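Architecture and fold: a report
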Amino acid sequence: MKLNGVHTRSIMRTADGKGARILDQRTLPWETTWVELRDVATAERAIREMWTRGAPLIGATAAYGLALALAADPSDAGLAAGHALLLAARPTAVNLRWALDDVAAHIRPLPVSDRAAAAFSRADQITDDDDAMSRAIGRHGLAIVRKLHDQNPGRALNILTHCNAGWLATVDYGTATAPIYMAHDAGIPVHVWVDETRPRNQGALLTAFELASHGVPHTVVVDNAGGHLMMNGQVDMVIVGTDRVAANGDVCNKIGTYLKALAAHDNGVPFYVALPSTTFDAQTPTGRDVPIEERSADEVTHVTGDGGAIRITQSSAANPAFDVTPARLVTGYITEKGVSATI
């Protein structure tokens, strides 16, 4: 996608090939800061403290993190320690575990001397594959956008999305945003309602930043406005990403997604979930079995903006980072393989 008019991926190898380079999403949209990951401890911190975020991008970052661990200690013990450290960074997004297991499986049979280079190569392949999956998701989702626009060709198609499931959450294009970008580039008029997505405001800060950088018309709204907009016919479709889809199709995504799905169901608005197949977790039977990350209360009690953090309440706070949308509320799942009513 475009950053300052230049095609840019959200993660890439450093110039010397010995690390990974990521955007520090904590400073966006106010500052564009690139950070180099040179050791596994920094990669773990980047994931845990949300310098980088989004299920597919967490997976790619973890893959490079494990390569960094093996560069320091390519033994079985080094592999196990790096894997355990990174896996504990965040509990909900399944791509983290998937990427670590994938890299480990590829390098475990190799001689110790070959492991680090092979791990970096595998991490490169994971990022390339994620890019390709996002593009395929975009093409399949574009068909849905085109069909809905054809029903009301005289106006822009209004799409509501929640949190950030764009190129800042993946390697490129995004999941939920990929069909939006492709529709915009194809000349289909779209307008995006961007949920602010409290408490970290990933919609207002990140999705809006992305859409503005690519020239997509959009409007930021408070999280609780979605139901009102749907009731008044101002939303044609909802499309969200996900951090994990359970075996029964339940969708775990950023807190507040469930309420959007309920409102969409009540108002007859199609509710789509976009995901790469790596985010499907056949090992977790239902959404009730997904570990829900409880993040720091400071994210609720404070708001961070261009001037820093401001405390907004004296009370204590709870901060569950995700909720579960039952499969019965999902119109369809958009993956790199196509669109399906079931997962």
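The structure contained in this document is the topic of the report that follows. (Residues numbered from 1 in each chain as written. Predicted model: local features only at pLDDT ≥ 70, side-chain atom pairs only at ≥ 80, totals over all residues. Heavy atoms only, no water.)

**Re the pattern of salt bridges**
Note the cut-off: Counted as salt bridges are all cases of a side-chain nitrogen of Lys or Arg within 4 Å of a carboxyl oxygen of Asp or Glu. Only runs of H or I of at least four residues qualify as helices and only runs of E of at least two qualify as strands under DSSP, and these elements are numbered from the N terminus. Note on classification: 1.4 Å probe, protein chains only; a residue is buried when its accessible area is under 20% of the maximum for its type, exposed when over 50%, partly exposed between these limits.
Following the criterion strictly, the structure yields 22 salt bridges and no others. Glu49 is the salt-bridge partner of Arg26, the closest N and O atoms lying 3.9 Å from each other. In this pair, Arg26 sits in the loop between strand 4 (20-23) and strand 5 (34-37) while Glu49 sits in the loop between helix 1 (40-48) and helix 2 (55-72), placing the two residues 23 residues apart along the sequence. Residue classification places Arg26 among the partly exposed positions, given a relative accessible area of 40%. With relative accessibility at 26%, the residue Glu49 sits in the partly exposed group. Linked through salt bridges whose partners overlap, the residues forming this network are Asp24, Arg26, Glu44, Arg45, Arg48 and Glu49.

**Section: the packing of aromatic side chains**
Formally: Pairing of aromatic side chains here covers Phe, Tyr and the six-membered ring of Trp, requires ring centres within 6.5 Å, and sorts the geometry by plane angle: under 30 degrees stacked, over 60 edge-to-face, intermediate tilted. Throughout this description, the term charge over a ring refers to an Arg CZ or Lys NZ atom that lies within 6 Å of the ring centre and within 35 degrees of the ring normal.
With the rule as written, the count across this model stands at 1 aromatic pair. Here Tyr64 and Phe120 contribute two aromatic rings whose centre-to-centre distance is 6.4 Å and whose plane-to-plane angle is 45°, an arrangement assigned as tilted. On the criterion of sequence distance, the pair formed by Tyr64 in helix 2 and Phe120 in helix 5 (residues 115-151) is long-range, its members being 56 residues apart. The residues Tyr64 and Phe120 share a single accessibility class, namely buried. Between Arg21 and the ring centre of Trp34, over which it is positioned, the NZ or CZ distance is 4.2 Å. Note that Lys254 overlies the ring of Phe322, its terminal NZ or CZ placed 4.8 Å from the centroid.

**Here we look at the packing of helix 2 against helix 5**
The test is simple: Helix axes are fitted only over the stretch in contact, all axes being lines through C-alpha atoms; the angle between N-to-C directions runs from 0 to 180 degrees. Here roughly perpendicular refers to angles of 65 to 115 degrees, roughly parallel to angles under 35, roughly antiparallel to angles over 145, and oblique to all remaining angles. What makes two residues a contact is simply this: any of their non-hydrogen atoms within 4.5 Å. Ten residues, namely Ala, Val, Leu, Ile, Met, Phe, Trp, Tyr, Cys and Pro, are considered nonpolar, four, namely Asp, Glu, Lys and Arg, are considered charged, and the remaining ones, Gly among them, are considered polar.
It is the contact of helix 2 with helix 5, at a shortest axis distance of 8 Å, that shows an interaxial angle of 170°. Here helix 2 is positioned roughly antiparallel relative to helix 5, judged by the angle of their axes. Across from Pro56, Ala60, Ala63, Tyr64, Ala67, Leu68, Leu70 and Ala71 in helix 2, the residues of helix 5 making contact are Arg115, Ala116, Ala119, Phe120, Ala123, Asp124, Ile126, Thr127 and Asp130. Grouping the constituent residues of the contact of helix 2 with helix 5 by class yields 13 nonpolar, 1 polar and 3 charged.

**Notes on the sheet that holds strand 4**
Basically, it comes down to this: DSSP bridges decide pairing: two strands pair if at least two such bridges lie between them.
The antiparallel open sheet is built from 3 strands, whose spatial order is 3-4-5. Every other strand in the sheet has two partners, leaving strand 3 (11-13) and strand 5 as the edge strands with one partner each. Between one strand axis and the next, the sheet turns by 25° as a mean value, whatever way the strands run. Two elements, strand 4 and strand 5, share 4 bridges in a ladder whose sense is antiparallel. Opposite Arg21, over in strand 5, you have Glu36 as the bridge partner.

**Thoughts on helix 3 (residues 76-87)**
Quick reminder: α-helices carry 3.6 residues per turn. Residues three or four places apart thus point the same way. We apply this condition: One less than the residue count of a helix, multiplied by 1.5 Å, gives the span that helix is expected to have. Arc definition: it is the arc formed by the directions from the helix axis to the C-beta atoms.
Compared with an ideal rise of 1.5 Å per residue, which puts 12 residues at 16 Å, helix 3 spans 16 Å between its outermost C-alpha atoms and is within 8% of the ideal. Among all positions in helix 3, only Gly78, Leu79, Gly82, His83 and Leu86 are buried. Taken around the axis of helix 3, the buried residues stretch over an arc of 130°, which confines them to a single face. Across from the buried face of helix 3, at angles greater than 90 degrees, the exposed residues are Asp76 and Ala77.

**Brief notes about the sheet that holds strand 16 (residues 322-325)**
Spatially, 4 strands are ordered 13-10-11-16 in an open sheet, and the strand pairing comes out mixed. Looking at the sheet topology across the chains shown, the edges are occupied by strand 13 (280-281) and strand 16. Across 2 bridges, strand 10 (residues 244-246) lies against strand 13 in parallel orientation. Residue pairing across strands places Val245 opposite Phe280, the latter belonging to strand 13. The strands that helix 9 (residues 257-266) touches are strand 11 (251-254) and strand 16; relative to strand 16, the one it contacts most, it runs at about 30°.

**Some thoughts on the pairing of strand 9 (residues 237-240)**
Covered by surrounding structure in strand 9 are Met237 and Ile239 together with Val238 and Val240, the residues of both alternating faces. When strand 6 (residues 157-161) meets strand 9, the two strands line up parallel, connected through 2 bridges. Among the inter-strand pairings, Ile159 is bridged to a residue of strand 9, identified as Met237. Sheet topology places strand 9 next to strand 12 (residues 271-274); 3 bridges connect them, and they run parallel. Each bridged residue has a counterpart across the sheet, and for Val238 the counterpart in strand 12 is Phe271.

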